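Geometric and topological summary
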Amino acid sequence: MNTPLAAILMFIVAAVFGAVGQFLYKTGADRATGSIASYLLNLPLIAGVVCYIVVMVLFVAAFKSGGRMSVLYPIYASTFIWGALIAYYAFDEPIRPVNLFGMLVLIVGMFLMGLGK
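This section reports on the structure supplied with the text. Worth saying up front: this structure is predicted, and the values here are computed from it rather than measured.

Cut-offs used in this document
Residues numbered from 1 in each chain as written. Predicted model: local features only at pLDDT ≥ 70, side-chain atom pairs only at ≥ 80, totals over all residues. Heavy atoms only, no water. Helix = DSSP H or I, 4+ residues; strand = E, 2+ residues; numbered from the N terminus. Buried < 20%, exposed > 50% of the residue type's maximum accessible area, 1.4 Å probe, protein only. Expected span 1.5 Å × (residues − 1). Arc of directions from axis to C-beta. Contact = heavy atoms within 4.5 Å. Phe/Tyr/Trp six-rings, centres within 6.5 Å; stacked < 30°, edge-to-face > 60°. Axes fitted to C-alpha atoms, helices over the stretch in contact; angles between N-to-C directions. Parallel < 35°, antiparallel > 145°, perpendicular 65-115°, else oblique.

Considering unusual backbone geometry
The backbone of Asp 92 shows a phi angle near 55°, a positive value even though the residue is not glycine. Here Asp 92 lies in the loop between helix 5 (79–91) and helix 6 (97–114). Under the relative-accessibility criterion, Asp 92 is labelled exposed at 67%.

What follows is the structure, given as structure tokens:
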């Protein structure tokens, strides 16, 4: 049984939403003062939670469509790549050659995990 392309695309979109959710968590954490209200009324944190709800809905839809966990879950590892790109553009965090090598390893690993499935 092969994993449908739609399921793969859902996991790619989920990975992007996961990275955006982390960006929003960081942004919200930077704005929080430590009080409970500064967490509960923090729009970036709330938006980050919404991103993770979207991720879970996409996971369920992808699995329901016949996606195989051994193929799909490694795709979600691309969240690390999306996160690094967001950090580069939003926070001026550098992407060093060793980081690029790690991204390449992730991509190769995702490809290898999906072979023969």
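Anyway, onward from the coordinates.
A few points about the side chain of Thr 79
Within the fold, Thr 79 resides in helix 5. Of the residues examined, Thr 79 reaches a relative accessible area of 13% and is grouped as buried.

Quick notes on the side chain of Ser 38
Within the secondary structure, Ser 38 is located in helix 2 (residues 36–40). Ser 38 gets classed as buried once you look at its relative accessible area, which sits at 13%.

With respect to helix 3 (residues 43–64)
Taking 1.5 Å as the rise per residue, helix 3 with 22 residues should run 32 Å; its terminal C-alpha atoms sit 31 Å apart, in good agreement. Burial in helix 3 covers these residues: Pro 44, Leu 45, Gly 48, Cys 51, Tyr 52, Val 55, Leu 58, Phe 59 and Ala 62. The buried side chains of helix 3 occupy one side of the element, clustering within an arc of 130° when seen end-on. Those residues of helix 3 that are exposed and aimed more than 90 degrees away from the buried face are Leu 43, Val 57, Val 60 and Lys 64. Elements in contact with the buried residues of helix 3: helix 1 (5–31), helix 2 and helix 4 (69–76). The first or second residue beyond helix 3 is Gly 66, which carries a positive phi of 105°.

What to know about the packing of aromatic side chains
Taken as a whole and assessed by the stated rule, the structure comprises 9 aromatic pairs. Relative to Tyr 73, the ring of Phe 59 has its centre 6.4 Å away and its plane inclined at 75°; by these criteria the two rings are edge-to-face. Taken as a pair, Phe 59 in helix 3 and Tyr 73 in helix 4 lie far apart in primary sequence, 14 residues in all. Classification of Phe 59 by relative accessible area gives buried; the value is 12%.

Thoughts on the packing of helix 4 against helix 6
Where helix 4 contacts helix 6, the axes come no closer than 8 Å and their chain directions differ by 170°. Classed by the angle they form, the pair helix 4 and helix 6 counts as roughly antiparallel. From helix 4, Ser 70, Val 71, Pro 74 and Ile 75 reach across to helix 6, where they touch Met 110, Met 113 and Gly 114.

Everything listed here is a matter of coordinates, which is why it stays silent on function.
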